[in-house]
Amino acid sequence: MARQADTDERDSVHGVNPGTELGRYTLDARIETIPGGERWTARDTTLERDVTLLVMPVDEQPTAAALDAARRAAGVEAAQLVRILDVGTEGAHSFIAEEGVGDSDTYAFAIGGEGLPAEEVRRITGEVATGIEAARTRGLHHLSLTPETVLLTHDGRVKVRGLATAGALAGIETEGEDADREDATAVVALAYAGLTATWPLPGTTSLPAAPDTGDGPPAPSRVAVGVPGDLDTICRETLSEGTGPDSPGDYAAQIAPWSRIPLAGAVRTTPAPRSTESGAADDDTTPLTPVAGGAVAGAGGAAATHAAMADDDEGVTREITLREDDDTSVSDTRSADAPETTAIPAAGSDSRRKGSRRDREDREGREDADGKAKAAAAAAAAAGAVGTGAKVLGNRLGRVSKSASGRSKEAIHDARARREAIREDRARRTSLGAAPVSAELEAPAPLLPAEAGAAPSRQQSTLVMLLMAAFVSVACIAGAIGSAQIGEGSDLGEILGGDETTAAETSASSSEGGGGSGEGEPFAILNAAGFDPPPGDGSEHNAEVQRVYDGDPETAWTTEGYNDENFGGVKDGVGITIDLGQQQQISSVTLNLPSTAEATVYAGDSATNSGTEIGKTEGRDGEVVLTPSTPAQAQYVTVWFTSLEQIGDDGRYRAALGEISVR
């Protein structure tokens, strides 16, 4: 993770230093200083994991608002958001524990001074918008999005930190549609920053500020090359014209689709410095301006070279040098073993070709005595071969340009249509804190013709009565025949009045279990999840939960490792909950315990450690059957472990469950 160079950990403004303990967390290194707090890497000494800790002075006014925002943000589940694990206060400091994202760099660091490929900008900002939109549907906003709050992990994931908390620390209190618009504008600004390597909004970031043309920053296509039409239009409408998307979800819909995989070795969008023929930078060169086709023009209108430099792998983009007197740009993507070709000027440029040395030699027929005759002949042959086709080539290039322009206009039209559809859909839906809005429905069309409502005739009524009487007569005859045959072929005396009776041997299982497997077929288990209520983090080895109903007792689900059998003194227990899919009448629960354990089984309408008690086991292992005093009606069954055993070679304490079946 990129760290601020001006941070001195030995003199923290909040009086904490490496090694300081806040609750169960030990601070390691300071990452950054933000308004109202500091962000540190830390170690959770109880769960033995790395986290990020936002430390704030408890007596500062924004701290209470940030803690409240963090508690609400902890309930938002989105893969693009940094998850909040814990909130607490220790002495003079309050803290917010976030999941550790140690193998990441900031978006600003990735942008650097050159920008990013346009499709990578689309992917990153699309993921950011998706995560912020998930929070918006829960009534939360970010309100402080910058290139430093977006993290890019080394495996390509996009993470946004500071949801609601960064805005609370900065004292921002925007709500409703204004907050939606503010987050959408910030996401567009992130796209602008990725394309141009400048920041277009007020505020301080590590990127330089974008120039102000009086109506806002210039469009990205005026600063960088290779900018797609939809991204360029959205940035211009939002940052210069005050329109653009109304919410992060609106932005995501307009730029979709994007690749979920990061682009490797792609061409960046910002232009490279113009070079002289020798390859050295020309200090007197006029600043370059991107022009159509991806070329770069100086003050005199001459095009300079801007192409991707890549290894000589098959199918990569190669550098093509254009002549200074030619206003045509040509891109060439071919395999490594393809023959070298010469760039062909566009039709109609004969007047500009007069200064070309090869054309002049071809036209005047001079021969070079020191070996240039072959080059002149080759140039003449090439010119002859393409002379008649120059107009055709020009027409084809023109058609391609028109086709690309048409596709760009169609893409912009489709994006605007999607935006209008999203706005109309959102207007019909109920948002948090708003009254429900219902669409006006037309009256239903009649299912029968109008004459169907007329009273039946006397003949029709008589026919219906006769049919009903016939059905009743047939039913009575069938019932009489069936009643007469009751008892035939059986000994009713032995069944109803015999002196000899057969006693069924029954056995009842105690609440402790007796090693039986219960009666009847077990219910199907729909799903399972670890159960770790506060102060736990809400999950407990969820990747292993399928092992408790896979039919193999050799595979077992285990809890996380703890320092002692009492969970390190931070919680009363931990468990696992299974989902039966619907309400079932539960008469027994069978556990297969690989090690001795103390556990209580509860049933209820949700995951709980205080519902209807099915039974408990203390110090037993192997197959244990638990039966309630009366059958329980429930959809969820929770196995709640209250003590741990030393399992594994690392000396840690855990509980384990091999299989569970419910009847």
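Residues numbered from 1 in each chain as written. Predicted model: local features only at pLDDT ≥ 70, side-chain atom pairs only at ≥ 80, totals over all residues. Heavy atoms only, no water.

**Regarding the overall build of the protein chain**
Just so we agree on the cut-off: Going along the chain from the N terminus, every DSSP run of H or I of four or more residues is numbered as a helix, and every run of E of two or more is numbered as a strand. Each residue is assigned to one of three classes by its accessible area relative to the maximum for its type, calculated with a 1.4 Å probe on protein chains only: buried under 20%, partly exposed between the two thresholds, exposed over 50%. Here, residues are in contact when the closest pair of their heavy atoms is within 4.5 Å. What sets the accessible areas is the Shrake-Rupley method with a 1.4 Å probe; for residues, cover comes only from the shown protein chains.
Secondary structure assignment for the protein chain yields 13 helices and 24 strands. Evaluated residue by residue, the protein chain yields a buried proportion of 39% over its 663 residues. Of all intrachain contacts in the protein chain linking residues separated by at least 6 positions in sequence, the fraction that spans at least 24 positions is 64%. With the model as given, the accessible surface of the protein chain reaches about 36,800 Å², and the carbon-plus-sulfur share is 51%.

**Some remarks on the sheet that holds strand S8 (residues 150-153)**
Rules: Note on pairing: two strands pair once DSSP finds at least 2 bridges between them. Helix axes are fitted to C-alpha atoms over the stretch in contact, other axes to C-alpha atoms as well, and angles between N-to-C directions run from 0 to 180 degrees.
Reading across from one edge, S7-S8-S9 is the order of the three strands in this open sheet, with antiparallel pairing throughout. On the outer flanks of this sheet lie strand S7 (104-106) and strand S9 (158-160), each paired with one strand and no other. Going from strand to strand, the sheet's axes swing by 30° on average, the running direction of each strand aside. With three bridges connecting them, S8 and S9 associate as antiparallel partners. What sits directly across from Leu151, in S9, is Lys159. Where helix H3 (residues 118-136) meets the sheet, it contacts S8 and S9, and its direction lies at approximately 45° from that of S9.

**Quick notes on the packing of aromatic side chains**
We count it as follows: Note on aromatic pairs: the rings of Phe, Tyr and Trp (six-membered ring only in Trp) are paired at centre separations within 6.5 Å, and the planes decide the class, stacked below 30 degrees, edge-to-face beyond 60, tilted for the rest.
For the structure on display, the rule yields four aromatic pairs. Taken together, a centroid distance of 5.4 Å and an interplanar angle of 75° make the contact between Tyr562 and Phe567 edge-to-face. Like Phe567, Tyr562 is buried.

**Some points on the nonpolar core**
What counts is decided by this rule: Among buried residues, those of type Ala, Val, Leu, Ile, Met, Phe, Trp, Tyr and Cys that are joined through side-chain atoms within 4.5 Å constitute a nonpolar core.
Ranked by internal contacts, the top residues of the largest apolar core, which has 57 residues, are Leu81, Tyr107, Ile124, Val128, Val150 and Tyr251. Per-element accounting of this core gives the leading share, nine residues, to helix H5 (residues 176-196). In this structure, Leu47, Val574, Val601 and Phe641 belong to the second largest nonpolar core, which totals 33 residues.

**Some words on the environment of Val545**
Counting through the fold element by element, Val545 comes out in the loop between strand S15 (527-531) and strand S16 (557-558). For Val545 and Ala529, which are 16 residues apart along the polypeptide, the C-alpha to C-alpha distance reads 5.9 Å. Setting aside residues up to four positions removed in sequence, Val545 forms contacts with Ala528, Ala529, Gly530, Trp557 and Ile576.

**What about the pattern of salt bridges?**
Our working rule: Salt bridge, as used here, is a side-chain nitrogen of Lys or Arg placed within 4 Å of a carboxyl oxygen of Asp or Glu.
Taken as a whole and judged by the stated rule, the model has 22 salt bridges. Close ionic contact of Arg122 with Glu119 constitutes a salt bridge, the shortest N to O distance being 3.0 Å. In this pair, Arg122 and Glu119 both sit in helix H3, three residues apart, roughly one turn of the helix. We classify Arg122 as buried; its relative accessible area is 7%. Notably, a salt bridge pairs Lys571 with Asp532, separated by 2.9 Å at the nearest N-O pair. Placement of the pair is Lys571 in the loop between S16 and strand S17 (574-586) and Asp532 in the loop between S15 and S16, with a sequence separation of 39 residues. For Lys571, a relative accessible area of 9% translates into the label buried. Judged by its relative accessible area of 2%, Asp532 falls in the buried class.

**Here we look at the packing of helix H6 (residues 229-239) against helix H7 (residues 248-255)**
To be explicit about the condition: Should an angle fall under 35 degrees it is taken as roughly parallel, and over 145 as roughly antiparallel, whereas 65 to 115 is taken as roughly perpendicular and any remaining angle as oblique. Side-chain classes follow a simple rule in which Ala, Val, Leu, Ile, Met, Phe, Trp, Tyr, Cys and Pro form the nonpolar group, Asp, Glu, Lys and Arg form the charged group, and the remainder, Gly included, forms the polar group.
Viewed as axis vectors pointing N to C, H6 and H7 meet at an angle of 150°, and their least axial separation amounts to 10 Å. Considering their axes alone, H6 and H7 lie roughly antiparallel with respect to each other. Residue-level contacts link Asp230, Leu231 and Ile234 of H6 to Tyr251, Gln254 and Ile255 of H7. A class-by-class count of the residues in the contact of H6 with H7 yields four nonpolar, one polar and one charged.

**Considering unusual backbone geometry**
The linkage connecting Ala256 with the following residue, Pro257, adopts the cis geometry, with an omega of 0°. Cis peptide bonds are those with omega within 30 degrees of zero, and the linkage from Pro534 to Pro535 qualifies with 10°. By the secondary structure assignment, Pro535 is in the loop between S15 and S16. One non-glycine residue, Ala164, adopts positive backbone phi at about 65°. Within the secondary structure layout, Ala164 lies in the loop between S9 and helix H4 (165-169). Its identity is not glycine, yet Ala197 carries a phi of approximately 65°, on the positive side. Along the chain, Ala197 turns up in the loop between H5 and H6. Judged by relative accessible area, Ala197 falls into the buried class, the value being 6%.

**With respect to the sheet that holds strand S5 (residues 84-90)**
Sheet architecture is open: six strands sit in the order S1-S2-S3-S4-S6-S5, paired in antiparallel fashion. Because the sheet does not close on itself, it has two edges, and the strands there are strand S1 (21-22) and S5. Summarising the sheet, strand S3 (residues 37-44) and strand S4 (residues 49-57) pair through seven bridges and their orientation is antiparallel. If you follow Asp44 over to S4, its bridge partner there is Arg49.

**A short note on helix H1 (residues 61-73)**
How we decide: The arc in question is the one traced by the directions running from the helix axis out to the C-beta atoms.
When H1 is considered as a whole, its buried residues turn out to be Thr63, Ala66, Leu67, Ala69, Ala70 and Ala73. Projected onto a plane normal to the axis of H1, the buried residues spread over an arc of 165° and lie on a single side. Residues Gln61, Ala64 and Arg71 are exposed on H1 and point more than 90 degrees away from its buried face. Contacts made by the buried residues of H1 are with S4, S5, strand S6 (93-99) and H4.

**Things to note about the environment of Asp572**
Residue position: Asp572 is located in the loop between S16 and S17. C-alpha of Asp572 to C-alpha of Ser643: the two residues are 71 residues apart in sequence and 8.6 Å apart in space. Apart from residues lying up to four places away in sequence, Asp572 is in contact with Phe567, Trp640, Phe641 and Thr642.

**Thoughts on a nonpolar patch on the surface**
Put simply, the rule reads: Patches draw on residues past 30% relative accessible area with no salt bridge. Two like charges within 9 Å are joined, as are two nonpolar side chains (Val, Leu, Ile, Met, Phe, Trp, Tyr) within 5 Å.
Taken together, the side chains of Leu463, Leu467 and Phe471 make up a nonpolar region of the molecular surface, amounting to roughly 350 Å² of accessible area. Within the element layout of this structure, Leu463 appears in helix H12 (residues 458-484).

**Notes on H5**
Stated precisely, the cut-off is as follows: Multiplying 1.5 Å by the helix residue count minus one yields the expected span of that helix.
With 21 residues, H5 should cover 30 Å at 1.5 Å per step; its first-to-last C-alpha distance of 31 Å lies within 8% of that length. For H5, the tally of buried residues reaches 16 of 21 residues, placing the bulk of the element in the interior. The first or second residue beyond H5 is Ala197, which carries a positive phi of 65°.

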